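Residue-level listing of the chains:
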Amino acid sequence: MATSGVVDDPNQRPPVIGAAEEGETGPRRRDFLGIAATSFMGVGAVAVVVPIVNQMNPSADVLALASIEVDVSKVAEGSGIKVSWRKQPVFLRHLTGKEVTEANAVAASTLRDPETLAQRTKPGHTQWLVTMAVCTHLGCVPLGIVPSENRGEYGGYFCPCHGSQYDTAGRIRKGPAPKNLQVPEYAFKSASTVQIG
Ligand code: FES
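Every value quoted in this text rests on a predicted model; they were computed, and no experiment measured them.

Cut-off values and rules
- Residues numbered from 1 in each chain as written.
- Predicted model: local features only at pLDDT ≥ 70, side-chain atom pairs only at ≥ 80, totals over all residues.
- Heavy atoms only, no water.
- Pairing = 2+ DSSP bridges.
- Helix = DSSP H or I, 4+ residues; strand = E, 2+ residues; numbered from the N terminus.
- Axes fitted to C-alpha atoms, helices over the stretch in contact; angles between N-to-C directions.
- Buried < 20%, exposed > 50% of the residue type's maximum accessible area, 1.4 Å probe, protein only.
- Disulfide = S-S within 2.5 Å.
- Salt bridge = Lys/Arg side-chain N within 4 Å of Asp/Glu carboxyl O.

Here we have 3 strands laid out as an open sheet, ordered β1-β9-β8, and antiparallel in their pairing. Here the strands that pair on one side only, and so sit at the sheet edges, are β1 (68–71) and β8 (186–190). For this sheet, the mean inter-axis angle between neighbouring strands, taken without regard to orientation, is 30 degrees. As judged from the 4 bridges shared by β8 and strand β9 (residues 193–196), these two strands associate in the antiparallel manner. Bridging across to β9, Y186 finds its partner in I196.

Here is the structure:
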């Protein structure tokens, strides 16, 4: 008769201590090996992907074209300049106080593409209107960046292709263009330096 923990029969083999643990550790080892292999494959995949992504990154000269800095210190009130950014023309216009007042006098809710001048300019620089020089109808370059050009009925820009007219905030007021002149991403780096892009 066996009492707890005592083996009476000499032929009876005592339980192998640790057998249960070995049975458990087998799969665990396999799990570990599987995880290790997967991790290794992951590292391999990253190692392959990184050079591909690096190859896709733009080169330094392309990055330089991605943003430009424009000196506006010599742009007189009431006039403006046209620059090229990413092969697209951009207007930088120095509005007069009267042009700012005219733009602010219009209720945005009455406009085809409702936006205020403040929404289209930078705080503290509302006299500087920076827009793409691309009519939102079919892409012609509007007139009006300098006072000698036709600025249309609203004192902003006039598109000679099909007659769209923009106001002093570059907002569409008349003609077939559906949207205001687009405002690109830009920032003032100093009082007279504008970074576009
Ligand atoms: Fe400007 Fe048509 S492209 S009105």
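Next comes the rest of the description.
Attention now goes to the pairing of strand β4 (residues 128–132). A large share of β4 lies buried, amounting to 5 of its 5 residues. Of the two faces of β4, both are covered, the one formed by W128, V130 and M132 as well as the one formed by L129 and T131. Note: strand β3 (residues 88–94) against β4, 5 bridges, orientation antiparallel. Across the sheet, V90 pairs through a bridge with M132, a residue of β4.

Before going further, it helps to spend a moment on the state of the cysteines. Each disulfide is one covalent bond, formed between the sulfur atoms of two cysteines. Per the counting criterion, the structure on display carries 1 disulfide. Between C140 and C161 runs a disulfide, and the two sulfur atoms are separated by 1.9 Å. A torsion of -95 degrees about the S-S bond marks the disulfide between C140 and C161 as left-handed. Of this pair, C140 sits in the loop between β4 and β5 (155–158) while C161 sits in the loop between β5 and β6 (165–167), placing them 21 residues apart in sequence. Overall, the relative accessible area of 19% leaves C140 in the buried class.

This brings us to the pattern of salt bridges. Summed over the entire model, instances satisfying the criterion amount to 8 salt bridges. For E99, the salt bridge goes to R151, with nearest N and O atoms at 3.5 Å. Of this pair, E99 sits in helix α3 (residues 97–104) while R151 is found in the loop between β4 and β5, placing the two residues 52 residues apart along the sequence. Here E99 and R151 have matching classes, each one buried. Between E153 and K174 there is a salt bridge; the shortest N-O distance is 2.7 Å. Of this pair, E153 sits in the loop between β4 and β5 while K174 sits in strand β7 (residues 172–174), placing them 21 residues apart in sequence. The class of E153 is exposed, set by a relative accessible area of 52%. Three or more residues are tied together by salt bridges with common partners; here these are R93, E99 and R151.

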